[in-house]
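Okay, here's what each chain looks like letter by letter:
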Amino acid sequence: MKIVVAGTGYVGLVTGACLSEIGHNVTCVDIDKNKVEMMKQGISPIYEPGLDELLKRNHDEGRLDFTIDYKNAYKDADLIFIGVGTPEREDGSANLDYVFNVCRQIAENAEKDCLVVVKSTVPIGTNDRIEEFLKENVKNDIQIEVASNPEFLAQGTAVVDTLYAKRIVIGVESKKAEELLKEVYEGYNQPIVVTNRRSAEMVKYASNDFLALKISFMNEIANFCEMVGADVEDVAKGMSFDPRIGDKFLNAGIGYGGSCFPKDTKALHWLANDNGYELKTIKATIEVNENQKYKLFRQAKNKFGSLKGLKVAVLGLTFKPGTDDLREAPSIPNVRRLLDEGAEIIAYDPVGVENFKKVYPSGITYVSTPEEALKDADMAFIFTEWNEIKSLDLSVYEDLMYTPIIFDGRNCYKVKEAKERQIDYYSIGRKAILNLEEKALSKVKTAMVI
Ligand code: UGA
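Residues numbered from 1 in each chain as written. Predicted model: local features only at pLDDT ≥ 70, side-chain atom pairs only at ≥ 80, totals over all residues. Heavy atoms only, no water.

Caption draft 1: Expanded view of the site of the ligand. Around the ligand sit 19 residues, and of these L153, Q155, K204, N208 and C260 come closest. One of the backbone N or O atoms of F152 is found 2.9 Å from an oxygen atom in the ligand. The separation between an oxygen atom of the ligand and a polar main-chain atom of F319 is 3.0 Å. With the chains in place, 89% of the 710 Å² that the ligand exposes on its own is no longer accessible. (Near = heavy atom within 4 Å. Polar contact = N/O pair within 3.5 Å; in protein donor to acceptor, adjacent residues only side chain to side chain. Areas by Shrake-Rupley, 256 points an atom, 1.4 Å probe, with all protein chains shown as cover.)

The following block contains the structure:
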């Protein structure tokens, strides 16, 4: 069978590469010629561990190809996966322009019956709309059916998440579509949940929004832990042994980011409102996350009053480790606030610097090691728990910084270790350690007066 994948972002490219890995013949379509040439050479346009190898091997072995010639690709395809983006509109709803552009191209060029499989995250009911759209616009005398097949991969672990997925969800309206998709996924040997299209679309949003809710819940518990002298790490550990709760996504921090949770919580909330229903838990999830982002900034402001002229080491820029993606990364609005306060920013990230430069082309000093960032700094903010940062001993902060004051948004260090150092250490959901003597702090205060 001939499989075509539309879009070579995270979802499309990983889908295409992994399907070729289990033996299918796959053609990935993209509009960007340079990108297509790069992928043919086994170079992934996105930073994703293991993807380059997969592209190269399957391309060299003739199972995976890339093209900008969508007309030819769609002409005789048996299955067309749509994996293009559905970014957030200003009002929080999902923008489906890319999805419908692809659908128009399919309708105009397909010359044989085919199954269109929607992997992009789309609002409930979109697959029905797509099928109607295709029926109305199809040029040749053919049947095009639509199936929903949401994607659950996470950035940084996308290849493993796909090849060893916990489940495959397919939303279909016919036995024929079900059988075809089961055949496609046979090689993965993973549990398949079969349902109708609308339920499959909802599984995707409900899964992402539930994970976001779990994070916001833990962030609220963390904030309260600080008030009553509890330690959120121990609380999470204590909770995690209950299999009904589980041990994943209980890490408190400065809020979730990325291209999915912020977008998908807002989109589902918007969609519910549009249907006359308020999803109160999702609304609270969004609000808690927005507030959490600035928690450490507020603490820094409270401590210093003004941040003008102070040297701030920013460690970690991406929304999580293992990716160079900065979408909705808490570092971006925090750096904005620090700059607005007149602070001097020295930033370090193992892979995210080039993308961060696009957001802040000037006004920030970028360095290539955490030590360079910490040298003579008045305070440090940790926004991403990269190994390169976590593995740094607290003694390095103590030795290199002008005043070792750390605002750790990802709980990279143990409170016990912080207690043994001459540092001030603020983290999330744990008691702040204030070991710096007044003498050391007065240096910062003097700097502020100047
Ligand atoms: C997320 C989901 O995990 C995937 O299952 C889903 O397929 C994907 O969205 C998508 O819809 O495409 P991703 O955005 O790549 O994947 O990243 P996650 O690992 O889920 O992390 C999202 C954010 O939550 C990060 O900012 C991370 O730091 C934060 N997080 C995660 C926490 O603050 N605490 C946790 O315990 C876990």
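Caption draft 2: Here's a closer look at the pattern of salt bridges. According to the stated counting rule, one finds 31 salt bridges in the structure shown. Taking the shortest distance from any N to any O, the salt bridge between R89 and D97 comes out at 3.6 Å. The exposure class assigned to R89 is partly exposed, which follows from its relative accessible area of 35%. A salt bridge links D325 to R327; its shortest N-O distance comes to 2.7 Å. (Salt bridge = Lys/Arg side-chain N within 4 Å of Asp/Glu carboxyl O. Buried < 20%, exposed > 50% of the residue type's maximum accessible area, 1.4 Å probe, protein only.)

Caption draft 3: Up close: the packing of helix α9 (residues 197–228) against helix α10 (residues 232–240). Following both chains from N to C, one finds α9 and α10 inclined at 130 degrees, their axes separated by 9 Å at the closest point. When the axes of α9 and α10 are compared, the pair comes out oblique. Pair α9 / α10 crosses with right-handed handedness. Listed contacts from α10 to F217, M218, I221, A222 and C225 of α9 are V232, V235, A236 and M239. Among the residues making up the contact of α9 with α10, the classes are represented as 9 nonpolar, no polar and no charged. (Axes fitted to C-alpha atoms, helices over the stretch in contact; angles between N-to-C directions. Helix = DSSP H or I, 4+ residues; strand = E, 2+ residues; numbered from the N terminus. Parallel < 35°, antiparallel > 145°, perpendicular 65-115°, else oblique. Left-handed = near helix turned anticlockwise from the far one by under 90°. Contact = heavy atoms within 4.5 Å. Nonpolar A, V, L, I, M, F, W, Y, C, P; charged D, E, K, R; others polar.)

Caption draft 4: Here's a closer look at helix α14 (residues 331–340). In terms of burial, α14 is a largely internal element, 7 of the 10 residues being buried. Considered for burial, the residues of α14 that qualify are S331, I332, P333, N334, V335, L338 and L339. In this structure, the buried side of α14 is in contact with α13 (295–304), β9 (311–315), β10 (344–348), α15 (353–359), β11 (364–366) and β12 (379–382).

Caption draft 5: How the structure looks around the domain arrangement of the chain. Domain assignment breaks the chain into domain 1 (2–195), domain 2 (203–292) and domain 3 (295–449). Spacing between the C-alpha centres of domain 1 and domain 3 amounts to 40 Å. Taken residue by residue, the interface counts 7 residues in domain 1 and 9 residues in domain 3. Summed over both sides, the interface between domain 1 and domain 3 buries roughly 560 Å², with carbon and sulfur atoms accounting for 44% of that surface. Three residues, Y10, Y47 and Q155, lead the burial of domain 1 against domain 3; their summed loss comes to 82% of the area buried on that side. (Domains from an automatic or database assignment. Buried area = accessible area lost by both parts, 1.4 Å probe.)

Caption draft 6: Structural view of the packing of helix α5 (residues 97–109) against helix α6 (residues 126–137). Between α5 and α6, the least distance of the axes is 9 Å, while the angle of their chain directions is 35 degrees. In the packing of α5 onto α6, the handedness of the crossing is right-handed. Where α5 abuts α6, its residues V99, F100, C103, R104, I106 and A107 lie against T126, R129, I130, F133, L134 and N137. Taken together, the residues that form the contact of α5 with α6 break down as 8 nonpolar, 2 polar and 2 charged.

Caption draft 7: Highlighting the packing of aromatic side chains. Going through the model one piece at a time under the given rule, you end up with 12 aromatic pairs. Between Y397 and Y413, the aromatic rings sit 5.6 Å apart at their centres with planes inclined by 85 degrees, giving edge-to-face as the arrangement. Remark: Y413 occurs in the loop between β13 (405–408) and α19 (415–419) and Y397 occurs in helix α18 (residues 394–400); sequence separation between them is 16 residues. Considering the side-chain rings of Y413 and Y425, the 6.3 Å spacing of their centres and the 80 degrees angle between planes classify their relative orientation as edge-to-face. Taken together, the residues span a long stretch of sequence, with Y413 in the loop between β13 and α19 and Y425 in strand β14 (residues 424–426) at a distance of 12 residues. Of the two residues, Y413 and Y425, both sit in the buried class. (Phe/Tyr/Trp six-rings, centres within 6.5 Å; stacked < 30°, edge-to-face > 60°.)

Caption draft 8: Spatial organisation of the sheet that holds β11. In spatial order, the strands read β11-β10-β9-β12-β13-β14-β15; together these 7 strands make up an open sheet with mixed pairing. Among the strands making up the open sheet, the edge pair consists of β11 and β15 (433–434). Direction of pairing for β14 relative to β15: antiparallel, over a ladder of 2 bridges. Among the inter-strand pairings, Y425 is bridged to a residue of β15, identified as I433. Packing against the sheet, α13 makes contact with β12, β13, β14 and β15, and its axis sits at approximately 155 degrees to β13. Contacting β9, β10, β11 and β12, α14 runs over the sheet at an angle of about 175 degrees to β9. (Pairing = 2+ DSSP bridges.)

Caption draft 9: Quick peek at the side chain of N127. Within the secondary structure layout, N127 lies in helix α6. For N127, a relative accessible area of 0% corresponds to the buried category. Here the side chain of N127 touches E201 through a polar contact of 2.5 Å, side chain to side chain. Once residues lying within four places of it in the same chain are set aside, the contact partners of N127 are V118, V122, V146, A147, S148, R197 and E201.

Caption draft 10: How the structure looks around the UniProt feature "binding site: NAD(+)" (unreviewed entry) in the chain. The residues that UniProt annotates with the feature "binding site: NAD(+)" (unreviewed entry) are D30, K35, T86, T121, K263 and R327. In summary, the annotated positions, distributed over 298 residues, remain apart in three dimensions as well, the widest C-alpha pair reaching 25.5 Å. Setting aside anything within four residues of it in sequence, one finds K35 in contact with T8, D30 and P45. Polar side-chain contacts of K35 include one of 3.4 Å to the side chain of T8. In this fold, K263 is placed in helix α11 (residues 261–274). (UniProt positions renumbered as here; feature names shortened; annotations may be inferred.)

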